[in-house]
Amino acid sequence: MLKIDRSFVSPIDTNGKNLEIIETIITLAHKLGMDVTAEGVETKEQLAFLNKLKCEYGQGYFSRVR
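Scope of this entry: the structure provided in the associated data block. (Residues numbered from 1 in each chain as written. Predicted model: local features only at pLDDT ≥ 70, side-chain atom pairs only at ≥ 80, totals over all residues. Heavy atoms only, no water.)

## A short note on the nonpolar core
If you look at the biggest cluster of nonpolar residues, it comprises 14 residues, and the most contacted ones within it are Val9, Ile22, Ile26 and Leu50. Every element with two or more residues in this core is listed here: α2 (16–31), β2 (36–39) and α3 (44–52). When neighbours within four sequence positions are excluded, Val9 is seen to be in contact with Ile4, Ile22, Ala38, Glu39, Gly40, Val41, Gln46 and Leu50. (Core = buried A, V, L, I, M, F, W, Y, C linked by side-chain atoms within 4.5 Å. Buried < 20%, exposed > 50% of the residue type's maximum accessible area, 1.4 Å probe, protein only. Helix = DSSP H or I, 4+ residues; strand = E, 2+ residues; numbered from the N terminus. Contact = heavy atoms within 4.5 Å.)

## Structural notes on α2
Compared with an ideal rise of 1.5 Å per residue, which puts 16 residues at 22 Å, α2 spans 23 Å between its outermost C-alpha atoms and is within 8% of the ideal. Of all the residues in α2, the buried ones are Asn18, Ile22, Ile26 and Ala29. When α2 is viewed along its axis, its buried side chains cluster within an angular range of 70° and face the same direction. Away from its buried face, by an angle of more than 90 degrees, α2 presents the exposed residues Lys17, Glu20, Thr24, Leu28 and Lys31. For α2, the secondary structure elements touched by its buried residues are β1 (2–4), α1 (6–9), β2 and α3. (Expected span 1.5 Å × (residues − 1). Arc of directions from axis to C-beta.)

## Comments concerning α3
All of the buried residues in α3 are Gln46, Leu47, Phe49 and Leu50. In a view along the axis of α3, the buried residues occupy a sector of 165°, so they form one face of it. Turned more than 90 degrees away from the buried face of α3, the exposed residues are Lys44 and Lys52. Where the residues of α3 are buried, they touch α1, α2 and β2. Lys54, located one to two residues past α3, shows a positive phi value of around 65°.

## Remarks on the environment of Ile25
Examined against the element boundaries, Ile25 turns out to sit in helix α2. Residues Ile25 and Lys3, 22 residues apart in the sequence, show an inter-C-alpha distance of 9.4 Å. Not counting residues within four places of it along the chain, the set of residues in contact with Ile25 comprises Leu2 and Ile4.

And the structure:
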C-alpha cells in the first residue's frame, strides 16, 4: 500500500504540477503491484481525477473504496 499525502491532493484543482506528480506516483505504485490511498479528498473534482487514474482508495470528505 502506498499513501499520497494530502499536501499533493489538496491543490489538485489549481496546480497542474501536482496533477503530474500524483499521476506518476499512482503509475509507479501500480507497476510495483501496490494499491494507492489518497489523503485529503475533499472535492468532486479531486475524486473524479483520482478515479480516472484508478486510485484504489481515498480518505477525506469524498472518499472511495474500490
